[in-house]
Amino acid sequence: MRTRSRSRLRRGVGAAAGAVLAIAIVVAAALYVYSSSLRLASMSPEPVLRVLDEHLSQRVSIGPSAFGYYVLNSGSSPISVEYLVLRDPRGSITLVRTGRGSDSACVAEETVIPPGGLSTVRCGGGLALVAIVTSGGGVFVRDPRLTAPYLVQRAVPQRPLLTPEVASALEQYVERISEVRVSSSLGLVKALDDRGASVSIEANASLVVVLRSPSSPNLWSVLIAGYGAYGVRSNSRVETGSGSPLNLSRAGALRFRIKIENLSVDGGTFRVGGSDVSSPGVFPCVVNRGRQCWVSLSGTAGRVAVYVNGTSSSASVDPYPYYVTGDLDGNGYPEFLFITQDFGVGDRTRVNDREATRAGTAIVADSTVEPLRIVFTDAPINNTRYAVAVVSMRIMFWDSSLDDVSDNDNRIVVRVGVYDAEGSGYVYSVSLSYYELCRYRTVSPMTFSYVIKDFILYIPSPEEVGSKIFFVAIDVTDPYGVEGTRNDTEVILGIEYIALVLGARI
């Protein structure tokens, strides 16, 4: 009996020991696996963290645009669009791989979108973009509340003001243009004004400005300044189809200005300094070469106007021979160029625009009697709806003073503002002065750079001035006549791409 009990006890102890041993083995194995996994994670966490970081940094906005749908990567890492989720007109949902060919159901402008980048998706057959799937498996759904006004674009939408139509009919936008005058120490008189006629010119020129016409890129806008008497080539002349030749060497021996609109030289000639003119440009003959260029021109023109030196030593004239419009840099946007420069350069010890001719010494110091004011009446601003206007301008500037600030006082050259046509005055304006603008050019040789300026303009509220319609207006001036040998610089001011953004009144 006692022997049987001992036998059972031995078996029980053995079973318990086996169980303990088995548990120990299991626990040891579990600890090994656990410790191994900890060691692996602690040794190389970068791949896991990198994938997690990329996932968390991906942010995508999807919405409708004028061309289909936009996909904006507003996150901090690139995304690759692998699939598009589409809804057909029947409401069925389909998944298609992103296509870039014309035969695809939907064409993506870009499939790899960098941070801040934008891609456009164009779909045919009434398909609507619902979501995108990235190559990393991310799914981004278009919020149905997003509509076109909320589209985040590459640039702020702007309304161009200086359009080709405005540039072609600028006189209609210059306030009281018949009263605007340019005063000169050597006055100009109009000698010829012909429209829709053939034109032939052989002349000495100090400065030639050639632009593509704002009405057609196949036509030219031209401004030529010079004086008629020059060496053996003193027979400068202008001839149009409706009159006798005008002898510039006699009538414009001291100075002349020729302005041509909508010039066609198809089958004719257009040469400056012996070279054919095939592209727009500024030809600063006297400034860069120290002598005039010979201009040969023949063709047909919409208008030809010639101004020559008069009998009076000082007089004022209308602004027409001092400005020209057209595309100067070939980017499709017309420029407005205001030009009082005629001959050469100067400094604080001598008059800037001065030239010795066979007929005598010509001292030409032109200045505006009052600003040439362009009012953009095609873009009315209702002050009950808008509180602020942002006007952007791309401008270029050159002047003839070698001594800059020591030769000329700091005076306003350009003014931009919110204009009250009824009261004929600005209700708010900002300006650019000579000291600011002369930083953007080299006098000799003549070089200039385009710069972009943004002007933030306050629009008075109805509580201040009543309910009114305002306009954007720009004043252009040459504030320098001649004061001894100072304050006598002449200018070339170009304004391109005037555009407007309005901020709503809340």
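Cut-off values and rules
- Residues numbered from 1 in each chain as written.
- Predicted model: local features only at pLDDT ≥ 70, side-chain atom pairs only at ≥ 80, totals over all residues.
- Heavy atoms only, no water.
- Pairing = 2+ DSSP bridges.
- Helix = DSSP H or I, 4+ residues; strand = E, 2+ residues; numbered from the N terminus.
- Axes fitted to C-alpha atoms, helices over the stretch in contact; angles between N-to-C directions.
- Core = buried A, V, L, I, M, F, W, Y, C linked by side-chain atoms within 4.5 Å.
- Buried < 20%, exposed > 50% of the residue type's maximum accessible area, 1.4 Å probe, protein only.
- Phe/Tyr/Trp six-rings, centres within 6.5 Å; stacked < 30°, edge-to-face > 60°.
- Lys NZ or Arg CZ within 6 Å of the ring centre and 35° of its normal.
- Disulfide = S-S within 2.5 Å.

Now for the sheet that holds strand β11 (residues 182-184). The strand order across the open sheet formed by three strands is β21-β11-β26, and the pairing between neighbours is antiparallel. At either margin of the open sheet sits one strand with a lone partner, and together these are β21 (315-317) and β26 (366-368). Strand-to-strand twist across the sheet, computed as the mean angle between neighbouring axes with direction ignored, equals 30°. Relative to β26, β11 is paired through three bridges, and the arrangement is antiparallel. Across the sheet, Val-182 pairs through a bridge with Thr-368, a residue of β26.

Note that soluble globular proteins tend to have their nonpolar side chains buried in a common cluster. If you look at the biggest cluster of nonpolar residues, it comprises 52 residues, and the most contacted ones within it are Phe-336, Phe-376, Met-393, Val-414, Ile-474 and Ile-498. With six residues, the single largest contributor to this core is strand β29 (residues 386-399). Counting 28 residues, the second largest nonpolar core, distinct from the first, contains Ile-260, Phe-270, Cys-285 and Val-304.

Following the sequence through the fold, Ser-76 ends up in the loop between β2 (68-73) and β3 (79-87). Separated by 40 residues in the primary sequence, Ser-76 and Gly-116 have C-alpha atoms spaced 7.9 Å apart.

Another aspect to go through is the packing of aromatic side chains. For any pair of aromatic rings, the description rests on two quantities: the centre-to-centre distance and the angle between the ring planes. This model, assessed by the stated rule, comprises 10 aromatic pairs. An angle of 80° between the planes, with centres 6.1 Å apart, marks the rings of Tyr-320 and Tyr-323 as edge-to-face. Each of the two residues, Tyr-320 as well as Tyr-323, counts as buried. Grouping aromatic residues by their ring pairs yields a cluster made of Phe-397, Tyr-434, Tyr-435 and Tyr-480. Seen from the ring of Tyr-450, Arg-394 lies directly overhead, with NZ or CZ sitting 4.0 Å from the centre.

By definition, a disulfide links the sulfur atoms of two cysteines through a covalent bond. Within this structure, the stated rule accounts for two disulfides. Disulfide partner of Cys-106: Cys-123, at an S-S distance of 2.0 Å. Residues Cys-106 and Cys-123 are joined through a disulfide that is right-handed, its torsion about the S-S bond being 120°. Pair noted here: Cys-106 is in strand β5 (residues 106-108) and Cys-123 is in strand β7 (residues 118-123), with a separation of 17 residues, a long-range link. Classification of Cys-106 as buried rests on a relative accessible area of 2%. Look at Cys-123 and you get partly exposed, because its relative accessible area is 25%. The disulfide partner of Cys-285 is Cys-293, and the gap between their sulfur atoms is 2.0 Å. Here Cys-285 and Cys-293 share a disulfide; its torsion about the S-S bond, -115°, makes the bridge left-handed.

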